[in-house]
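# Descriptive analysis of the structure
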Amino acid sequence: MSSLSRELVFLILQFLDEEKFKETVHKLEQESGFFFNMKYFEDEVHNGNWDEVEKYLSGFTKVDDNRYSMKIFFEIRKQKYLEALDKHDRSKAVDILVKDLKVFATFNEELFKEITQLLTLDNFRENEQLSKYGDTKSARAIMLVELKKLIEANPLFRDKLQFPNLKNSRLRTLINQSLNWQHQLCKNPRPNPDIKTLFVDHSCGQPNGARAPSPANNPLLGSLPKAGGFPPLGAHGPFQPTPAPVPIPLAGWMSNASTVTHPAVSEGGAIGLGGPSITDYPSGDSDHVSKRTRPMGLSTEVNLPVNIMPVTFPGHSHGQALNAPDDLPKNVARILNQGSSPMSMDFHPVQQTLLLVGTNVGDIGLWEVGSRERLVLRNFKVWDLSSCSMPLQAALVKDPGVSVNRVIWSPDGSLFGVAYSRHIVQIYSYHGGDDIRQHLEIDAHVGGVNDLAFSHPNKQLCVITCGDDKTIKVWDAATGSKQHTFEGHEAPVYSVCPHYKENIQFIFSTALDGKIKAWLYDNLGSRVDYDAPGRWCTTMAYSADGTRLFSCGTSKDGESYIVEWNESEGAVKRTYQGFRKRSFGVVQFDTTKNRFLAAGDDFSIKFWDMDNVQLLTTVDADGGLPASPRIRFNKDGTLLAVSANENGIKILGNADGIRLLRTFENLSYDASRTSEVVTKPAMNPISVAAAAAAATSAGLAERNASAVAISGMNGDARNLGDVKPRITEESNDKSKIWKLTEINEPSQCRSLRLPENMRVTKISRLIYTNSGNAILALASNAIHLLWKWQRNDRNSVSKATASVSPQLWQPTSGILMTNDVTDTSPEEAVPCFALSKNDSYVMSASGGKISLFNMMTFKTMTTFMPPPPAATFLAFHPQDNNIIAIGMDDSTIQIYNVRVDEVKSKLKGHSKRITGLAFSHVLNVLVSSGADAQVCVWNSDGWEKQKSRFLQLPAGRTPSSQSDTRVQFHQDQAHFLVVHETQLAIFETTKLECVKQWVPRDSAAPISHATFSCDSQLIYASFLDASVCVFSAANLRLRCRINPPVYLPANVSSSNVQPLVIAAHPQEPNQFALGLSDGAVHVFEPLESEGKWGVPPPVENGSASSLPATQVGNSSSDQAQR
C-alpha cells in the first residue's frame, strides 16, 4: 500500500473515532495493522476479553513470529489458564491447555509439564513460583505491565504505537478544501453554495435554477458562511476553539468537535512506560550470544523464550493496593474532641498520623492521632488587617464569625492552607511537632473562599483558590503573588481539582449551578462546559494513580451522586448506587489507593469498590455520627478520619492503621525541641519538605508501601525526619541514666552466618533482592553467591530472616555467575553490580567487561564495555531501565543506552575513580561520588553539572589513597547520605550543603561501609575493628553498637576479619546483613522481645543537633563510646 493510502487509513481512523464508531475503529486498526491502540488493548486485557485480545493482536503478529510475540501470547494464555483454575473450572482449564498452551511444548517441554501439573493441585498457589498470585484483577494488571514492555520491544510493533499528530477533523478539512476548489471552478459561483452530496463534484446551478435549502445544518459540513468560502469543519460549535492546544484528557469534554483519542498514545499517556526494557526480561537461553555482531542491539540483546513461570508478581506481595473489604479502615481506634465542629480534615502526606482540622468557628487544630495529643490550636485571626480590602474589614466589623471551608497540606507536607468563609486564605509553613509559622495571608476572593488546592504548574508550587465571586485564582505559594484569574462561571465556584496528564497541567472547577469547567494555566478561557449530576454542590477527585476521575454531588433536593467520568468522552462512565433518597446535607467523599470510594451519608460511612456500582459496605463507627459526616483517608488508606457529633472526630483504622497508631500510643511531641534543626542555615522552611516530618512517624507509615529497590548505596528513596520524638514520662525518668545499648554476646540479638562457598575469600558487594527473600553477594574473585529463604513451617512468608537458615542456591546446571576478569588479579579490581527491579537479572563487573546474568539460570546473557576504562559503579535510571549510569576508573561517568548500545553522554568532573552513584527521581538529578572525596550533582535531563563539593575532612585525618565515598538517597529523595572512612554526613541536594555530620574520634577505626535502613530512620555502619553501629538517621546520634564477639568466633581476631559491606532489608527496617573479609555473610535482627536496635539518646544528654550544620555532629557521649 502506498504511503498516501496508508495516511488515508489514519484519516479514516480519526474520522471514525470522532464519530464514535468504536468497534469499527478497532476493526480497522486490526485489519490494516497500521496502528496498535495500546489503550484499547489494555481495556480488553483488564476486562479479560481474551478472544478479542488475541484477535486484535493477530492483525500485528502471530505466535511464532519471534520470541517477543511468543512470550506475549504465552503470558495471555497462561493467565487465561490460571483464571480457569482459580474458578475451579477444570474442563475449561484442560481445554485451554490442549488448544492454547500445547503449542509452546515444542519450545519448552519442561515448562509445559509443570503447567500441566497445576491441574493436580487444589490451589495452584501451592506451586512456589505462583504462591504470590493475588486476585484476578491484580494479576491482570501485573501481566499487562509485562505485555506492554514486550510489545514496545517487539520489532513488529515498531512505528505502530504512535498515532500521527493530526489536527482535529483532518479528513473533513480536506473535503472542505476540495469543495472550495470545486466552488472556485464554478462558472456561476453562488454566495450560498448548495452542497447536496459528496458523491459527485460540486457545481453551482444556473442563475435561474431552483435554489436548494441552505445546508447550514448539514451534519457533515456544519454551518457555512454567507460569502462563498468554506470554513474548517467543526468550528461551528457553541464554544469556539482557541489557539492553545487542548490536552487529550480534556478533549472529549469539549463542546465542539471532539479531539481524537489516538494521540494520547504518542503523548505517552496510554503507554506510560518509556522505551522497551531489556531489564525485565532475562533469558534462560543464551546460546546465540556468541553470534552477536554488536553487544546490546535491541533485536538481539534479549532472548525471550517461554522459559519459566514468573518468579514473583512484582510489587504484589507488598504492594499498596487494598485486596479485600477487610482492609478498609472500619474499626474505631481513636476518638478526639476538637472543641468546635470539624468542617474539613487532611492527613499529612508523609507523617500519616498527623491530622489537620478546620472548624465551623474558624479554628484550626493539629493532632497526633497516635498519641491523641493536640499539638496546635489556633483561633481565627487576621494577621494584617490593614492590608485587607475595605469590604473584608467592613464585613468583619459587622459580623466577626468565620468558618473554615477547607484545610489541605501541600504535596510534601511543608505547607498547609486554610480557606475561610470570608475572603481570606492563610498559608502556614510546618516545621515539625507543634511548630507552625505564618507564611502567607491572601485576601483572595470577595465573599467566601470555598476551596483550596496546591499544584505544580511549570515546576512552581502554586495555591489555587475559588470563591463566591465566581472566579478561580492561582497564587505563587512562595510570594503570594497572583498568577492567573479564571472567569467564566456564572455562579459561585464550589470546588477545584488540579491535575496533570501527558505533561499538561489543568484545573477542573465546579460551581453551584452544577457546571464543570476546565482551565489551562493561561488566559484563554475554559476548555469545558458540562453539567454535573445533582447540579449543585459537587467535588471532584482522582484515584491515587491519577488515571480515574470521580465526582460527588448533592442536589438542592438532597439527591446525591458519586460517578466515574470517561475523560476521553466527557461522559459519565458509571453511577454508584446506595445513597439515601434524600440526603440531609451535602455529601463529602474521598478515594483511597486505586480501589475504594467512601462517602459520608445517612449517619454512616459508605464504601464502594471503584469497579462495582453496588454498595460494598456501610459502617456507622459505633454511632454518634452526623447526617453527612466529613471524611478523609490518610495517604496509605490505613486510617480514616470521620467527623462526629459533639465536636468529635473518630479515627477508623484497618489492621495496619491500628498497628501504626499503637506505635505512637506512648509518644508525644516536645514542642520546645523541634525547631532547632530547621533554623540551621542549610534548611529553608519552604524547601525542607519531609525534613519536617517526625523521624519515627515518617518511616513507620511507609513500611507497608511498595518495597524500594536497594542496590548497596544505589539511589534509594527515603524519608528524612528531623523531629525527635520525646519518650514518655516513664522513659524520661530513665533518660538521666541513659547509656548506649551495647550488644556484646550472641544471646543479645539474633544473628545468622549464612552457608559458605569455600571458593570465596572476601565479600566485596552485598545486596538484598527487592522481594526480600534472598541475598546476593559479589566476591573479590568475581563469583556471585545467592542465598534464598524457602517457605516452610518456620518461615511461612519465605522472607529473609536471622531465625531460619537459607539455601546457598544454584541452578541444576551447577554453573556459577562469574564476571569477566582482565589479566590482572581480580582481587585488585573494583567490583560493582546492580540488580533489576524484578530480581530477574544482575548487571555486574569485576574489572573486566560488564556482564548481564539471568538470575534464574545464572547464564550470561551478554557482556559489553570492555576495559579500559573499567566500570567501578553501576546505577539504573529510575524512569528508564535502558539508561545506565556507569562510573569508571578513569574518573568519568558514562550514560549508556542499552537499547541502542550507545554512550549518550560522558560526564567529567571527578579526578579519581567513581565510587558511588545515586538517582533522585523527584529532583531529576544524579549524584556522584569519587575516590577524590568529591560529590557532584548532575541534571539527569541534560546531564550538565549543577554543583560539586569536596567533603570536609576532619583535621589530622588522612584518608587512604583508595578511600571510597558512597552516596545513597534518603526516602524523601531530597537528602542523601555520604559515607567516607572518616565520616557519615547528610547532604541537602539542591544546595549541596551538609546538614549533619558524624565523625568517629581520632583513635577509632575507619568506617568501612554504611547504609540507610529501608525506612530511612536508621543508619547501619560497619567499622574496620569489626564493630557495627546503629545511628538514628534524623540526627546522626549513636543508639546501639554491636561488638565483634557477637558474630566472630572466639578464635578469630577482629584485626584479621573485618566487615567490608553492609546491606539493609528492603521491607524490614531492623534487619541488615554484613559481608566480611573472610568470605562470610551474617544476617542480624534484634531480639523479638526488643523489636528494635537500642533507644535513641535524649536531647538532654548531648548537643548534637544544636551545633552548626557544617560542624561535626557527634556529641561528647558519642565520642566516648566510639
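Figured I'd write up the structure that's included with this text. Here the structure is a predicted model, which means the values were calculated and not measured.

## Here we look at the packing of aromatic side chains
Each aromatic ring pair is specified by the distance between its two centres and by the angle formed by the two planes. On inspection of all chains with the given rule, the structure shows 34 aromatic pairs. Arranged with centres 5.2 Å apart and planes meeting at 80°, the rings of Phe35 and Phe163 form a pair that is edge-to-face. Linking Phe35 in the loop between α2 (22–32) and α3 (38–47) with Phe163 in the loop between α8 (136–153) and α9 (170–184), this pair joins segments that are 128 residues apart in sequence. One aromatic cluster is present, formed by Phe36, Tyr40, Phe41, Tyr56, Phe60 and Phe157 through successive ring pairs. Lying across the ring of Phe34, Arg6 places its NZ or CZ 5.0 Å from the centre. Lying across the ring of Trp809, Lys788 places its NZ or CZ 4.0 Å from the centre.

## What about the environment of Ala834?
Tracing the backbone through its elements, the reader meets Ala834 in strand β37 (residues 832–835). Using a relative accessible area of 1% as the deciding quantity, one classes Ala834 as buried. Sequence separation between Ala834 and Ser844 is 10 residues; the distance between their C-alpha atoms is 6.5 Å.

## Points about the nonpolar core
Generally speaking, nonpolar side chains in soluble globular proteins are found buried as a group. Core analysis: the largest hydrophobic core is formed by 44 residues, its most contacted members being Phe36, Phe41, Leu57, Tyr81 and Leu101. Among the secondary structure elements, those contributing two or more residues to this core are α3, α4 (50–58), α5 (67–86), α6 (90–101), α7 (109–117) and α8. In terms of residues, this core owes the most to one element, α5, which gives 10 residues. Setting aside its immediate chain neighbours within four residues, Phe41 contacts Phe36, Val53, Leu57, Ile76, Leu144, Leu147 and Ile151.

## Some words on the environment of Lys501
Here Lys501 shows up in strand β14 (residues 493–501). Residue Lys501 is classed as buried on the basis of its relative accessible area of 18%. It is 8.2 Å that separates the C-alpha atoms of Lys501 and Gly546, two residues lying 45 residues apart in sequence.

## Observations regarding the sheet that holds strand β39 (residues 850–854)
Ordered in space as β37-β38-β39-β40, the 4 strands form an open sheet in which the pairing is antiparallel. Each end of this open sheet is capped by a strand with a single partner; those strands are β37 and β40 (860–864). Across the sheet, the axes of successive neighbouring strands diverge by a mean angle of 15°, strand direction being ignored. In this structure, β37 lies alongside strand β38 (residues 841–845), joined through 4 bridges in antiparallel fashion. Across the sheet, the residue bridging to Leu835 is Val842, located in β38.

## Here's the deal with the sheet that holds strand β27 (residues 639–644)
A sheet is described by the order of its strands in space; here 4 strands give the open sequence β1-β28-β27-β26, paired in antiparallel fashion. Either end of the sheet is taken by a strand with one partner, and the two such strands are β1 (331–337) and β26 (631–633). Strand-to-strand twist of the sheet, defined as the mean angle between neighbouring strand axes without regard to direction, takes the value 20°. Its contacts with the sheet put helix α13 (residues 655–663) on β1, β27 and β28 (648–653), and the angle it makes with β1 is roughly 45°.

## Things to note about the pattern of salt bridges
Applying the stated criterion across every chain yields a total of 31 salt bridges. A salt bridge links Glu756 to Arg753, with the nearest nitrogen and oxygen atoms 2.4 Å apart. As a salt-bridge pair, Arg913 and Asp964 come within 3.0 Å of each other at their nearest N and O atoms. Of the two residues, Arg913 sits in the loop between β44 (902–908) and β45 (914–920) while Asp964 sits in the loop between β48 (945–950) and β49 (965–969), which places them 51 residues apart along the sequence. Residue Arg913 is classed as buried on the basis of its relative accessible area of 11%.

## Focus on a nonpolar patch on the surface
Taken together, the side chains of Leu198, Phe199 and Val200 make up a nonpolar region of the molecular surface, amounting to roughly 370 Å² of accessible area. Secondary-structure assignment places Val200 in the loop between α9 and α10 (248–251).

Cut-offs applied
Residues numbered from 1 in each chain as written. Predicted model: local features only at pLDDT ≥ 70, side-chain atom pairs only at ≥ 80, totals over all residues. Heavy atoms only, no water. Phe/Tyr/Trp six-rings, centres within 6.5 Å; stacked < 30°, edge-to-face > 60°. Helix = DSSP H or I, 4+ residues; strand = E, 2+ residues; numbered from the N terminus. Lys NZ or Arg CZ within 6 Å of the ring centre and 35° of its normal. Buried < 20%, exposed > 50% of the residue type's maximum accessible area, 1.4 Å probe, protein only. Core = buried A, V, L, I, M, F, W, Y, C linked by side-chain atoms within 4.5 Å. Contact = heavy atoms within 4.5 Å. Pairing = 2+ DSSP bridges. Axes fitted to C-alpha atoms, helices over the stretch in contact; angles between N-to-C directions. Salt bridge = Lys/Arg side-chain N within 4 Å of Asp/Glu carboxyl O. Patch = residues over 30% accessible without salt bridge, like charges linked within 9 Å, V, L, I, M, F, W, Y side chains within 5 Å. Areas by Shrake-Rupley, 256 points an atom, 1.4 Å probe, with all protein chains shown as cover.

Keep in mind these values describe shape, not function.
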